[in-house]
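# Report on the structure
Each chain, written out:
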Amino acid sequence: MGKKRGRKNVYDEKIKARFDDIARWARNGATERSIAKNLGIAYSTFNKYKAEKEELTELLKKNRFIAVDDIENAMYDAAIGGTQTIKKYTKCKRVEYENGKRVLEEEVMVPYQEEVYLPPNTTAGIYLLKHWGKDRGYTNDPLSLDLKKEELKLKKEVAETNNW
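Values in this document were obtained by computation on a predicted structure and should not be read as measured data. (Residues numbered from 1 in each chain as written. Predicted model: local features only at pLDDT ≥ 70, side-chain atom pairs only at ≥ 80, totals over all residues. Heavy atoms only, no water.)

## What to know about helix 3 (residues 32-39)
Every α-helix winds through 3.6 residues per turn, so residues three or four apart in the chain are directed the same way. Buried within helix 3 are the following residues: Glu32, Ile35, Ala36 and Leu39. The arc that holds the buried residues of helix 3, viewed along the axis, is 100°, so those residues lie on one side. Structural note: helix 3 exposes Arg33 and Lys37 on the side pointing more than 90 degrees away from its buried face. Where helix 3 is buried, its residues touch helix 1 (10-15), helix 2 (19-27), helix 4 (43-52) and helix 5 (54-80). Gly40 sits one or two positions beyond helix 3 and adopts a positive phi of about 80°. (Buried < 20%, exposed > 50% of the residue type's maximum accessible area, 1.4 Å probe, protein only. Helix = DSSP H or I, 4+ residues; strand = E, 2+ residues; numbered from the N terminus. Arc of directions from axis to C-beta. Contact = heavy atoms within 4.5 Å.)

## Some remarks on the pattern of salt bridges
According to the stated counting rule, one finds 11 salt bridges in the structure shown. The partner of Arg24 in a salt bridge is Asp21, with the nearest N and O atoms 3.1 Å apart. Of the two residues, Arg24 and Asp21 are both situated in helix 2; the distance of 3 residues between them amounts to about one turn of the helix. Measuring nitrogen to oxygen at the nearest pair gives 3.8 Å for the salt bridge that ties Lys61 to Glu58. Highlighted residues: Lys61 and Glu58, both in helix 5, separated by 3 residues, approximately one helical turn. Judged by its relative accessible area of 44%, Lys61 is partly exposed. Overlapping salt bridges bring together Arg18, Asp21 and Arg24 as one network. (Salt bridge = Lys/Arg side-chain N within 4 Å of Asp/Glu carboxyl O.)

## Quick look at the pairing of strand 2 (residues 101-118)
For strand 1 (residues 82-98) and strand 2, the ladder comprises 17 bridges, and the chain directions are antiparallel. Paired with Tyr89 across the strands is Pro111, a residue of strand 2. Between strand 1 and strand 2, which pair antiparallel one after the other, the connecting turn spans 2 residues, and Asn99 there sits at a positive phi close to 55°. (Pairing = 2+ DSSP bridges.)

## Describing the packing of helix 4 against helix 5
To characterise two packed helices, one gives the angle between the axes of the helices and the distance between these axes. Packing of helix 4 against helix 5 brings their axes to within 5 Å, and their N-to-C directions diverge by 100°. With respect to their mutual orientation, helix 4 and helix 5 come out roughly perpendicular. Residues Phe46, Tyr49, Lys50 and Glu52 of helix 4 pack against Glu54, Leu56, Thr57 and Leu60 of helix 5. Class assignment of the residues belonging to the contact of helix 4 with helix 5 gives a composition of 4 nonpolar, 1 polar and 3 charged. (Axes fitted to C-alpha atoms, helices over the stretch in contact; angles between N-to-C directions. Parallel < 35°, antiparallel > 145°, perpendicular 65-115°, else oblique. Nonpolar A, V, L, I, M, F, W, Y, C, P; charged D, E, K, R; others polar.)

## Describing unusual backbone geometry
Positive phi, normally seen in glycine, also occurs at Asn99, with a value near 55°. Considering the arrangement of structural elements, one finds Asn99 in the loop between strand 1 and strand 2. For Asn99, a relative accessible area of 77% corresponds to the exposed category.

Don't take any of this as a statement about function, it's just geometry.
Quick look at the structure:
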């Protein structure tokens, strides 16, 4: 028997072999179009394999959940505010001397860290309450609001009936 002829399997060669890269890109928020581009394949080819290969779909789902968790944590931090250490850069002059004479002078960027206060972000807080606090009544879902209004109306009617 001779060697197998024909086209190599794109899935094994370009996708499965790079599962670690795909997972990292998905965790970091890359779109599926950009993942396909990074792999050097057409977006339609990527979609075809995603539909055919459950392991690829699961890899993407799992790593998207990690990205969502990171975003939720960042949103929570923004909602409550607080201090955060950030990295900044400042311009400094670097001078070299040789035998008492200046031979080199250049501007360089020097990193330093600074702690800054970030006030609470009310928009992030409202968003989180609407999504995480539904069971406590934080929602703007029209059906839930209508039910709450009906409940309040019935409570008023019962209270008025009991007072007679």
